[in-house]
Amino acid sequence: MEYVSRVPRPPLDELIDDLYYLEGAPPYARLMLPPMPSALLIVNLGAPFRIRAGTDIQTAEYADGCVVTTPTRAFEFGYPPRTRSVGVHFKPWGPAPFLPMPVAELCDRPVTLEQVWGRPAIAELRDRLATADGPHEMLTLLEEELMRRLRETAGLGLVRHTSTVIAATGGAVAIGDLSQAAGVSGTHLAQRFKQLIGVTPKRLARTYRFTATVFAINPAGPVDWGDLASGAGYFDQAHFGHEFQAFTGLTPTRYLEVRRRFLREHPGHVLDGWPLPAD
């Protein structure tokens, strides 16, 4: 697969980790994506893809693209035989200035781009992207579209600052200390987070800690789960295992087996590192 990415210019860089272009045959027809402290926007330029956002929600098809806000559980992504898209990896608070609805309404419920920006606007954007001269021009067009849609959002500064502290500590921070440092009540802080990220500060901290722990795993070598759990600040290995199940639906050892399968079957693949084969 071809993957091209870049960081957008200010002020978008305060909301977005990177813009990306993806094209080619996926390594697996279905991929499972564990929750990460980030959100996603995809403008689809190929055949429709499918998303199942949790076991209690049916698989849905997305033709024009989708928005996925910071998730609380793993979701399954079904690729067509070949895929082509451009997209945005947002910071947790990043989508809020571009959405017409509170982010809380979208938690674990992906929506189509048509539902967010309307059919005429998305049709025009997809046409311009499809006829652009290569990935870099496509990313420039997407960046310009985001700049046009950027709007002031009440409370974003508070949520961004507090989330940055959570990220810097890998989720190992007392939420009460954060609200006190910000000069607001814990209730107010939680309400702002739900409105602009879709999850509470406590839940975001859990996600950051889980993500940092997973990235500390070297699937090519032996793993001491006890040391890993202790180093990440979990109460014990049982607590760590419970969090793993909650976030991925897998035990730590099963997760490692699936990661190793990806490495074995697709060494050096651009998608290796977070998505897991769901087949």
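Shown above is the structure to which this text applies.
Residues numbered from 1 in each chain as written. Predicted model: local features only at pLDDT ≥ 70, side-chain atom pairs only at ≥ 80, totals over all residues. Heavy atoms only, no water.

**Q** What is the right way to read helix α9 (residues 237–248) from this model?
**A** Side chains of residues three or four places apart in an α-helix project in the same direction, reflecting 3.6 residues per turn. Along its twelve residues, α9 runs 16 Å from first to last C-alpha, staying within 8% of the 16 Å computed at 1.5 Å per residue. Taken as a whole, α9 has its buried residues at His239, Phe240, Gly241, Glu243, Phe244, Phe247 and Thr248. Regarding α9, its N-cap is Asp236, as a side-chain oxygen of that residue lies 3.1 Å from the backbone nitrogen of Ala238 further along. (Helix = DSSP H or I, 4+ residues; strand = E, 2+ residues; numbered from the N terminus. Expected span 1.5 Å × (residues − 1). Buried < 20%, exposed > 50% of the residue type's maximum accessible area, 1.4 Å probe, protein only. Polar contact = N/O pair within 3.5 Å; in protein donor to acceptor, adjacent residues only side chain to side chain.)

**Q** Please explain unusual backbone geometry as it appears in this structure.
**A** Negative phi is the rule for most residues except glycine; trans is the rule for most peptide bonds. With an omega of 0°, the peptide bond between Pro10 and Pro11 qualifies as cis. Mapped onto the elements, Pro11 comes out in the loop between β1 (2–6) and β2 (16–24). Not every positive phi belongs to a glycine, and Asp108 is a case in point at roughly 60°. Relative to the helices and strands, Asp108 is located in the loop between β9 (83–90) and β10 (111–112). According to the relative accessible area criterion, Asp108 is buried, its value standing at 12%.

**Q** Would you take a moment to explain the nonpolar core for this structure?
**A** Note that soluble globular proteins tend to have their nonpolar side chains buried in a common cluster. Formed by 47 residues in total, the largest nonpolar core has its most connected members in Val43 and Leu146. For this core, the element with the highest residue contribution is helix α3 (residues 135–149), accounting for five residues. Not counting the four nearest positions on each side in its chain, Val43 is found in contact with Asp64, Ser85, Val86, Leu113, Leu125, Arg126, Leu129 and Leu142. Ranked by size, the runner-up nonpolar core spans 19 residues in total, among them Ile217, Ala229, Ala232 and Leu256. (Core = buried A, V, L, I, M, F, W, Y, C linked by side-chain atoms within 4.5 Å. Contact = heavy atoms within 4.5 Å.)

**Q** How should the sheet that holds strand β3 (residues 30–33) be read in this particular structure?
**A** The strands that make up a sheet are held in pairs by hydrogen bonds between backbone atoms, and each pair lies either parallel or antiparallel. Here five strands make up an open sheet; going across it, the order is β6-β5-β8-β3-β11 and the pairing antiparallel. Of all the strands in the sheet, the pair left with one neighbour each is β6 (60–62) and β11 (276–277). (Pairing = 2+ DSSP bridges.)

**Q** Sorry, what's going on with the packing of helix α4 (residues 156–168) against helix α5 (residues 175–182) here?
**A** Two quantities define a packed helix pair, namely the angle between the helix axes and the distance between the axes. At a minimum axis distance of 11 Å, the contact between α4 and α5 shows a crossing angle of 140°. Between α4 and α5, the angle falls in the class oblique. In this structure, α4 crosses over α5, and the sense of that crossing is right-handed. Of α5, the residues touching α4 (which contributes Leu158, Thr162, Val165 and Ile166) are Ile175, Leu178 and Ala182. (Axes fitted to C-alpha atoms, helices over the stretch in contact; angles between N-to-C directions. Parallel < 35°, antiparallel > 145°, perpendicular 65-115°, else oblique. Left-handed = near helix turned anticlockwise from the far one by under 90°.)

**Q** Teacher, can you tell me more about the pattern of salt bridges here?
**A** Opposite charge on two side chains allows them to pair when their charged atoms are near. Scanning all chains against the criterion turns up 17 salt bridges. Here Lys91 ties to Asp17 by a salt bridge, and the two come within 2.8 Å at their closest N and O atoms. With Lys91 in the loop between β9 and β10 and Asp17 in strand β2, this pair connects stretches of sequence that are 74 residues apart. Classification of Asp17 as partly exposed rests on a relative accessible area of 36%. Between Arg119 and Glu114 there is a salt bridge, and its shortest N-O distance comes to 3.2 Å. Residue Arg119 is classed as exposed on the basis of its relative accessible area, which comes to 57%. For Glu114, a relative accessible area of 33% translates into the label partly exposed. (Salt bridge = Lys/Arg side-chain N within 4 Å of Asp/Glu carboxyl O.)

**Q** Can you help me understand the packing of aromatic side chains in this one?
**A** Per the counting criterion, the structure on display carries 15 aromatic pairs. Here the aromatic rings of Tyr3 and Tyr20 are separated by 5.7 Å at their centres, their planes lie at 20°, and the arrangement is stacked. Taken together, the residues Tyr3 in strand β1 and Tyr20 in strand β2 connect sequence positions 17 residues apart. On the accessibility criterion, Tyr3 (32% relative accessible area) is partly exposed. When the ring of Phe240 is compared with that of Phe244, the centres are 5.3 Å apart and the planes differ by 75°; the resulting orientation is edge-to-face. Of this pair, Phe240 and Phe244 both sit in helix α9, four residues apart, which is roughly one turn of that helix. The pair Phe240 / Phe244 is uniform in exposure class, with both members buried. Here the basic side chain of Arg209 rests over the ring of Tyr234, its NZ or CZ set 4.3 Å away from the ring centre. (Phe/Tyr/Trp six-rings, centres within 6.5 Å; stacked < 30°, edge-to-face > 60°. Lys NZ or Arg CZ within 6 Å of the ring centre and 35° of its normal.)

**Q** Would you explain the packing of α4 against helix α7 (residues 201–215) in this entry?
**A** Two numbers describe how α4 lies on α7: the axes approach to 9 Å, and their chain directions differ by 35°. The crossing of α4 and α7 is right-handed. Contact with α4, carried on its side by Ser163, Ile166 and Ala167, involves Pro201, Leu204, Ala205 and Tyr208 of α7 and no other residues of that element. Of the residues assigned to the contact of α4 with α7, the class counts are six nonpolar, one polar and no charged. (Nonpolar A, V, L, I, M, F, W, Y, C, P; charged D, E, K, R; others polar.)

**Q** Where do I start with the environment of Ser38 in this structure?
**A** Looking at where Ser38 falls in the secondary structure, it is placed in the loop between β3 and β4 (39–44). The buried category is assigned to Ser38, whose relative accessible area is 18%. In this structure, the C-alpha to C-alpha distance between Ser38 and Arg148, residues 110 residues apart in sequence, is 22 Å. With residues up to four places along the chain from it excluded, the contact list for Ser38 reads Thr69, Thr70, Pro71, Phe90, Lys91 and Pro92.

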